[in-house]
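# Summary of the model geometry
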Amino acid sequence: AGALGCEYLKCFAMMGVGCGSGGQVTVTDMDNIEISNLNRQFLFRKSDVGQAKSHTAARAAKAMNSELKITAMEVRVGGDTEDTFDDNFWIGLDAVVNALDNIQARNYVDSRCVWFAKPLLESGTLGTKANVQVVLPHLTQSYGDSQDPPEESIPLCTLKHFPHAIDHTIEWARDFFEQLFADSPREVNTFLSDPAAYLAKLPSEGTGTSQLQKMNGIRRMLDQRIGPFDMCVKFGVLEFQDKFHDSIAQLLHTFPLDHRTSEGTNFWSGPKRAPTPIKFDVTDDVHLDFVMGAANLYAANLGIPQCRDRDAVARMAAGVPLAAFTPKELSIKVDDKDTTKEGCVDDDEKARALIKEMAALGASLAAAKPLDAAEFEKDDDSNFHISFIAAGANLRARNYKIPEVDFLKVKMTAGKIIPAIATTTAMVTGLVGCELLKVVDLSTRKVEDFKNAFVNLALPLWLLSEPMPPMKTVSKDWDPIIQGPVRVKPEGFTSWHKVEVNKGDITLKEFIDYLQDDVGVEVMIMSAGNACLYNAYLPAHKKRLAERVSKLWEDVTKQKLSPKKTYLTIEVSASDPDDGVDIMIPTIKFQFR
């Protein structure tokens, strides 16, 4: 019930969807309403902030049409909620309209619609761009038949040492926020809950340098947890010095400006920008923004009263002594393919010594109060979350001579706020509404009656096309993966087809015999999801033949079958019993109840 979901519900109420004697609309959304939703999700008001989106949207849609029969839920749709969204739920649907914001959820809903042969109307928007895809059982491709390109991620080495775009520094600052004010307090709380177990596990986690950082962070927070606030300001200034001066100076010590690669080329060239250390200056607004944010967020972690007086914080910060930088012999990865173990060569021994000290400290703090870890919240500009990230991102940009950006750009990027335009959302709702009318009105569905759409209102560009037919699996004389011929049964099957086996809870041997006698395949490997139920090449699996298939599934997966579960989804690798040629068949629906 986000931007698209609100418009769909409004549209359904006006169209009379789910208003008949047997009508029903089900909407589900786990999220609660945030302030940033109000500019594009028009069923919500400021008084609704903090309430469940699904219930609020359903209530607003019901107010528009009292005949609307609607059920609101707060349950995620996925493999872990199939007891809620069970077979009866999917069987009872006439159509599904997606208003999702991630590929994983889209793929799951699509797979359910394919399995239960339900029409699906898939759509999405991004700024002025939008798309609509009509998915019809046995007539069109499913959403999963064509893969969107994977979402691009920033290489770790680029984030840590070699940024060259403002998005890199914002992502770095967002991670830095999480490390300092969420992960570190949680580490302290884990340590306090069982110091001995924590320290026993620590040597197996990461390098000596990372272990040292964790323990120093724990000890510092425990030592400073009773204040005063000027300790928090000192923490902010020292973090500034470490991240924007000392770390940069260390990087330049390891890779001087005239450093050359093994190939003889300049190390600092191409996307690798040579950084410049920044000296702390309390009169610089961005410097003070960083310290203000760091000090107040740290105070919130420790339970110390905050201070929002910039002049007072500036006076405290000006009095913090800063030690001169001393370079270390440090190993640094130059790219993600580099196998170098990062860290300082002396830190392993220091980490072992500090573990012994921390054991004694843990014993004396058994009843200490846990710290408050920050929960990132982008919509409250007074909580210092975005302020800290904006200052950190712009300071790092200044290190690497990257143009700095304003608060709003940082907020949108760090908060992953997707640009949404009400005009685009309304337009897509209209297109989906037209296709939904066709789905429910046409007694005989024909592909040529439906239209997929891709629209960019900024150009303007409108592309309407017939949905593509489903992709067929066909026999091949030579398959490059199998390195031989492949035969398909039945020829040309699609993702909509399945082999239904309704013989009750038979044994594995009876199941395999049925597939050989009735389907004409000799099973070599049988799996259900990630669980391998049977492998003919493994002698140890012969004893599984006497097991009932449902019991075998429970034994292999170490899970109990839900009382609501009546079938298993099974894939087989098989061959022709006569000539041994590899055979591909559709997914098997094994009905054991």
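The structure we're discussing is the one just above.
A short tour of the structure in this document, coming up. (Residues numbered from 1 in each chain as written. Predicted model: local features only at pLDDT ≥ 70, side-chain atom pairs only at ≥ 80, totals over all residues. Heavy atoms only, no water.)

### Examining the pattern of salt bridges
Under the defined criterion, the tally for this structure stands at 24 salt bridges. Among the ionic pairs, Asp86 bridges to Lys564, the shortest N-O distance being 3.5 Å. With Asp86 in the loop between strand E2 (70-73) and helix H3 (87-91) and Lys564 in the loop between helix H17 (549-557) and strand E15 (567-575), this pair connects stretches of sequence that are 478 residues apart. With relative accessibility at 47%, the residue Lys564 sits in the partly exposed group. Across the pair Lys509 and Asp513 runs a salt bridge whose closest N-O atoms are separated by 2.9 Å. In this pair, Lys509 and Asp513 both sit in helix H16 (residues 508-519), four residues apart, roughly one turn of the helix. What you see here is one network of salt bridges that share partners, running through Asp183, Arg186 and Glu375. (Salt bridge = Lys/Arg side-chain N within 4 Å of Asp/Glu carboxyl O. Helix = DSSP H or I, 4+ residues; strand = E, 2+ residues; numbered from the N terminus. Buried < 20%, exposed > 50% of the residue type's maximum accessible area, 1.4 Å probe, protein only.)

### Observations regarding the pairing of strand E11 (residues 484-488)
Where strand E10 (residues 476-479) lies against E11, two bridges are found, and the strand directions are antiparallel. The residue bridging Lys476 from the neighbouring strand is Val486, located in E11. Hairpin geometry of E10 and E11 is characterised by an intervening segment of four residues between the two adjacent antiparallel strands and by a positive phi of about 65° at Gln483. Sheet topology places E11 next to strand E16 (residues 582-584); three bridges connect them, and they run parallel. Opposite Arg487, over in E16, you have Ile583 as the bridge partner. (Pairing = 2+ DSSP bridges.)

### Examining the packing of aromatic side chains
In total, this model carries 26 aromatic pairs according to the counting rule given. Between Phe235 and Tyr298 the ring centres are 3.9 Å apart and the planes differ by 15°, which places this aromatic pair in the stacked class. Residue Phe235 is located in helix H9 (residues 229-254), and its partner Tyr298 is located in helix H10 (residues 285-302); the two are separated by 63 residues in the primary sequence. You'll find Phe235 and Tyr298 in the same group, each marked buried. An aromatic cluster is built from Trp172, Phe176, Phe177, Phe181, Phe235, Phe240, Phe244, Phe280, Phe290, Tyr298, Phe376 and Phe388, whose rings are joined through pairwise contacts. Sitting over the face of the ring of Trp172, Arg396 holds its NZ or CZ atom 4.5 Å from the ring centroid. (Phe/Tyr/Trp six-rings, centres within 6.5 Å; stacked < 30°, edge-to-face > 60°. Lys NZ or Arg CZ within 6 Å of the ring centre and 35° of its normal.)

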